[in-house]
Each structure stands twice: as structure tokens, then as C-alpha cells.
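# Structural features, examined
Residues per chain are reported as follows:
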Amino acid sequence: MIHALERQEPWWEPGTGFGYHVNTFGFLVGEIVRRATGMTIGQFIQRSIAGPLDADLYIGLPASEHHRVAEFRWPSAAPMPDIPPGDDMALMRWNTYWNPPGISGAHWVNTPAWRIAEIPSTNGHGHARAIARVYSALARWGEIGGVRIIGEETLKNAVIEQSRGLDIVTQRTARFGLGFQLTQDERKLGPNPNTFGHFGAGGSLGFCDPDCDLAFGYVTNDMGPRWQNPRNRALIDAVYACF
């Protein structure tokens, strides 16, 4: 993947737009981690984040843990659309999600090979309590219970808005910091302005709200509406109703 990304020419002129990486973002970040630390991204998460926080969270799930994983109910892989000749942007969107066919959906995600592999921005395994545990540290700018997983200034820089507007890949409005999705009117992470986190497949969600010391984790194994999912929306509303 890294060699393929090194050879890939940009799909649009840098600085003129932005698009959701889906599968490739994690490989790019993971390679930086590997070169800086000598560890794969899965090893780094275990040693520096999940392990110290006692969070049951993995990228690259050991075979000994596979019996605990729920099968993911994903629709059948989408058929190859009829892409007009020369429509490079339509081809790019297809390749972003479905190249090779099924990598982000049916056929692969419930296999032992998928669970063991480290596909950093796509195949994290964990439960809601683990996700909330990580975000509980982020809600306090990187530290909880004497465990620091990221520097405060580093995290504050990571949640500064870097892109906003129409996402070229998803064809929806989006707002991002450095890796984190930021709250926006079209897809709110609660009512406060400084929340940040990330949505996942089927409406899974982890985020935090530093303004009220809140961490939130929700997972599902049933693919439902991925944009303003009514399940996570109702849960977010219920949580904030408790304040």
C-alpha cells in the first residue's frame, strides 16, 4: 500500500479541494508512526494508548480474541457502476471505497485474515467502553488518571479546522481537523462548538466534548444509515439531556 501511494499521482491539484481518504489515510499515518518509532500502528496503539488506558481496542486483532467479535451485517458488495469514459472523478470515488472489490464491505470484514491484518483507518476492533475510554483522555486534553496519551498542545493543534465544505469523495459537506471530524451543523456531535471525534461504519461513533468533560462511544454491527444515523443521534440527544 505504501509503495502504491508513493507512486500515485494526485487526483486533483493540491490545495483546490479535499476528500475523505477512507482506506488510505491510515496507511499514510501508520507509515509515519512506523518510521518514527519502529512499531506498526497496531503495536503503537497497544503500547502507547490502549495498554496504558486499559482500553480493549485493537488494530490487528489477535486470533485469541476472534471468538469475541460479532459478525458485521454488511450489504452485498456494490456492483461496479457504469462509469462514463474519461470521468476520472467518478472512477476515483469508486476506487476510494471498493478497490479491490469488497475491501470495505461484504466478503472481507468477517474473515480471520481481515481481523488479524492492520488496516489502520478501516479495521479497528473494540467495544463502546474502550472507545469512550480513549476519548475520556482526549476530553481532558490528553490525560486521565495520570496516563497521558498525547501532548496537550499537540491535541489542540490537531482539532484546529483544516478543511470545510464539499468533500470531493463523499459529495457531502464535511469539516476536519488533523484526522478528527469536527462538529458541523449538517452532522452535529452534540450542541457545543468544540466537540471532535469520528464516525464509523453503520453509525458507530466516538467523540468527546472538552467543554463539559464528556466522552461518548457507540458501536454497532448492523449497517444502517451512515449520514445522521438516527441511532447515534438519539443517543447523543439523550446524553446531553442529562446535563
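Residues numbered from 1 in each chain as written. Predicted model: local features only at pLDDT ≥ 70, side-chain atom pairs only at ≥ 80, totals over all residues. Heavy atoms only, no water.

## Things to note about the overall build of the protein chain
- Summing up its helical and strand segments, the protein chain has 8 helices and 10 strands in all.
- A compact globule built from 243 residues would reach a C-alpha radius of gyration of about 18 Å, and the protein chain, at 18 Å, matches this within 12%.
- Counting only residues that meet the buried cut, the protein chain has 41% of its 243 residues in that class.
- In the protein chain, the share of contacts with a sequence separation of at least 24, taken over all contacts with a separation of at least 6, comes to 54%.
- Put simply, the protein chain shows about 13300 Å² of open surface, and 56% of that area lies on carbon and sulfur atoms.
- Positive and negative side-chain charges of the protein chain, numbering 21 and 24 respectively, have mean locations separated by a distance of 5 Å. (Helix = DSSP H or I, 4+ residues; strand = E, 2+ residues; numbered from the N terminus. Rg over C-alpha atoms; globule rule 2.2 N^0.38 Å. Buried < 20%, exposed > 50% of the residue type's maximum accessible area, 1.4 Å probe, protein only. Contact = heavy atoms within 4.5 Å. Areas by Shrake-Rupley, 256 points an atom, 1.4 Å probe, with all protein chains shown as cover. Lys, Arg positive; Asp, Glu negative; His and termini not counted. Charge placed at Lys NZ, Arg CZ, Asp CG, Glu CD.)

## Description of the nonpolar core
- Formed by 26 residues in total, the largest nonpolar core has its most connected members in Leu53, Val134, Leu138, Ile149, Phe180 and Phe196.
- When contributions to this core are tallied by element, the ones reaching two or more residues are α3 (41–53), β1 (57–59), α6 (128–139) and α7 (152–158).
- By residue number, the principal contributor to this core is α6, which donates 7 residues.
- Contacts of Ile149, omitting those with residues within four sequence positions, involve Ser48, Ile49, Leu53, Val134, Ala137, Leu138 and Gly142.
- Counting 9 residues, the second-largest nonpolar core is a separate cluster that includes Phe199, Phe207, Leu214 and Tyr240. (Core = buried A, V, L, I, M, F, W, Y, C linked by side-chain atoms within 4.5 Å.)

## Topic: the pattern of salt bridges
- Counted by the stated rule, this structure contains 12 salt bridges.
- A salt bridge links Arg34 to Glu31; its shortest N-O distance comes to 2.6 Å. Residue Arg34 and its partner Glu31 are located together in helix α2 (residues 24–37), separated by 3 residues, close to a single helical turn.
- Assessed through its relative accessible area of 40%, Arg34 is described here as partly exposed. (Salt bridge = Lys/Arg side-chain N within 4 Å of Asp/Glu carboxyl O.)

## Describing α2
- Here α2 is 14 residues long and its end C-alpha atoms lie 20 Å apart, about the 20 Å a rise of 1.5 Å per residue gives.
- By the burial criterion, the buried members of α2 are Gly26, Phe27, Gly30, Glu31 and Val33. Across the axial projection of α2, the buried residues extend over an arc of 165°, all falling on one side. Exposed positions of α2 whose direction lies more than 90 degrees from the buried face are Ile32, Arg35 and Ala36.
- At its buried positions, α2 is contacted by α1 (2–7) and α3.
- Gly38 sits one or two residues past α2 and shows a positive phi near 80°. (Expected span 1.5 Å × (residues − 1). Arc of directions from axis to C-beta.)

## So, α6
- Over its 12 residues, α6 extends 16 Å from the first C-alpha to the last, a length consistent with the 16 Å expected when each residue adds 1.5 Å.
- With 9 of 12 residues buried, α6 lies mostly within the body of the structure.
- Of the positions making up α6, those classed as buried are Ala130, Ile131, Ala132, Val134, Tyr135, Ser136, Ala137, Leu138 and Ala139.
- Following α6 by one or two positions, Trp141 has its phi on the positive side, about 60°.

## Description of the packing of aromatic side chains
- A complete count under the given rule lists 5 aromatic pairs for this structure.
- For the pair Phe180 and Phe196, a centre-to-centre distance of 4.9 Å together with 70° between the ring planes defines the contact as edge-to-face. Remark: Phe196 occurs in strand β8 (residues 196–199) and Phe180 occurs in the loop between β6 (173–176) and β7 (181–182); sequence separation between them is 16 residues. For the residue pair Phe180 and Phe196, the accessibility class agrees, reading buried in each case.
- Clustering of aromatic rings is evident, with ring pairs tying together Trp141, Phe180 and Phe196. (Phe/Tyr/Trp six-rings, centres within 6.5 Å; stacked < 30°, edge-to-face > 60°.)

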